[in-house]
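These are the residues of each chain, in order.
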Amino acid sequence: MRLFAIFSVVVVAISGVVSTPVEIDLTSILGTNLASSNSYGAPLAPWKYGSVPGWYYGNYPERHRNIRCLKGWICKFLSWFPWLVQCPKPPHIPPPTSDGYTQTFANLTGATQAGDYMTYGLVDTIKDCKTMCNSVAGCKFANSYHDVNGKDGSTQLTCSLFATCHTASDATNTGGQTQPDGSIDYITSSDGWCKD
Ligand SMILES: *[C@@H]1O[C@H](CO)[C@@H](O)[C@H](O)[C@H]1NC(C)=O
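Just so it is clear, the structure is predicted and the values come from calculations on it, not from any experiment.

Engineer: Any chance you could explain the overall build of the chain here in plain terms?
Structural biologist: Counting its secondary structure elements, the chain contains four helices and seven strands. Put simply, the chain runs from its N terminus to its C terminus through helices and strands in the order α-α-β-α-β-β-α-β-β-β-β. In the structure as shown, the chain presents an accessible area of about 10,200 Å², 60% of it carried by carbon and sulfur atoms.

Engineer: Where do I start with the state of the cysteines in this structure?
Structural biologist: Disulfides are covalent bonds that link the sulfur atoms of two cysteine residues. The final tally for this structure, using the stated rule, is four disulfides. Note that C75 is cross-linked by a disulfide to C87, the S-S spacing being 2.2 Å. Measuring the twist about the S-S bond at about -90°, one finds the C75-C87 disulfide to be left-handed. Taken together, the residues C75 in helix α3 (residues 73–79) and C87 in the loop between α3 and β2 (101–108) connect sequence positions 12 residues apart. Taking the relative accessible area as the measure of exposure, C87 reaches 9% and is therefore buried. Covalently, C165 is tied to C194 through a disulfide, its sulfur atoms 2.1 Å apart.

Engineer: In this structure, what is going on with the environment of H166? I would like to understand it.
Structural biologist: Within the fold, H166 resides in the loop between β5 (157–162) and β6 (175–178). Given the relative accessible area of 7%, H166 is considered buried. Placed 61 residues apart in sequence, H166 and F105 show a C-alpha to C-alpha distance of 8.8 Å. Side-chain polar atoms of H166 contact the backbone oxygen of T164, separated by 3.3 Å. Separated by 2.6 Å, the side chains of H166 and D170 make a polar contact.

Engineer: So what exactly am I meant to see when it comes to the packing of aromatic side chains here?
Structural biologist: The description of an aromatic ring pair rests on the distance of the ring centres and on the angle between the ring planes. Evaluation of the coordinates by the stated rule reveals nine aromatic pairs. With 5.3 Å between their ring centres and 55° between their planes, F77 and F81 make a pair best called tilted. Like F77, the residue F81 is buried in the burial classification. Aromatic pair F105 and F141: ring centres 6.2 Å apart, planes at 50°, arrangement tilted. Residue F105 is located in strand β2, and its partner F141 is located in strand β4 (residues 141–148); the two are separated by 36 residues in the primary sequence. Clustering of aromatic rings is evident, with ring pairs tying together W47, F105, Y117, F141 and F162. Over the ring of Y60 we find R63; its NZ or CZ atom is 3.8 Å from the centre of that ring. The positively charged end of K71 is found above the aromatic ring belonging to Y57, 5.0 Å away from the centroid.

What counts and how
Here, residues in each chain are numbered from 1, in the same order as that chain's written sequence. In keeping with the predicted nature of the model, local features appear solely for residues at pLDDT of at least 70, side-chain atom pairs appear and are counted solely at 80 or more, and the whole-chain, interface and lining totals rest on all residues. Side-chain measures were taken over the full set of non-hydrogen atoms in the model, leaving aside hydrogen atoms and water. Numbering of helices and strands runs from the N terminus; a helix is a DSSP stretch of H or I covering at least four residues, while a strand is a stretch of E covering at least two. Note that accessible areas follow from Shrake-Rupley with a 1.4 Å probe, and for residues the cover is restricted to the protein chains shown. Cysteine sulfur atoms are paired as a disulfide whenever they fall within 2.5 Å. Exposed residues in this analysis have more than 50% of their type's maximum accessible area, buried residues have under 20%, and partly exposed residues fall in between, with area computed by a 1.4 Å probe over protein chains only. Throughout this description, a polar contact denotes any pair of N or O atoms lying within 3.5 Å of each other; where both atoms belong to protein, one of them has to be capable of donating a hydrogen while the other can accept it, and for residues adjacent in sequence the pair is counted only when both atoms sit in side chains. Think of it this way: a Phe, Tyr or Trp ring, Trp meaning its six-membered ring, pairs with another when their centres are within 6.5 Å, and the plane angle makes it stacked under 30 degrees, edge-to-face over 60, tilted otherwise. Lysine and arginine charges are scored as sitting over a ring when NZ or CZ, respectively, is within 6 Å of the ring centre and within 35 degrees of the ring normal.

Written out as structure tokens, the structure is:
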């Protein structure tokens, strides 16, 4: 039933009869607007009050039912719409000794806050955060960190992506936002990864 509904919308989209409502239809299918023009589902940067991750790239979708998980059938669907966030593709060759990133800071209690913010989401590992940066066009910098008490209490890593590299001097978001449950968030294990 669900697949048929999706198929119908895609047919409408491809037929090109209606051009503007396409994004609205995609938004209703995906539950959120995952277009690059909408910071891939996270228009509010992580240091803004009330922001939510745009996507989750990891193996525990049941922990994040309200966030679009970039695994499974949805990946094929997203690939038809290149302006939406894309699932990382598994590497065809074993990765070389270098993963293509140089660490610019490690284990800070502040997350990167900068104007070239692109998008952010949740991941299971630092490696997954770099993989997401590789799949977002123009991404040069990945900042992985734990937002303790933040992001609906998720224990996953937050993965924030930027268009240029940053050093410790921009790791100025130290949390301090009061959460819906009254707790206050803080940042740990913040690492910066600059794409070579
Ligand atoms: C990271 O920093 C915290 C203190 O902020 C420290 O307790 C912990 O041992 C550090 N971890 C590593 C891997 O250096």
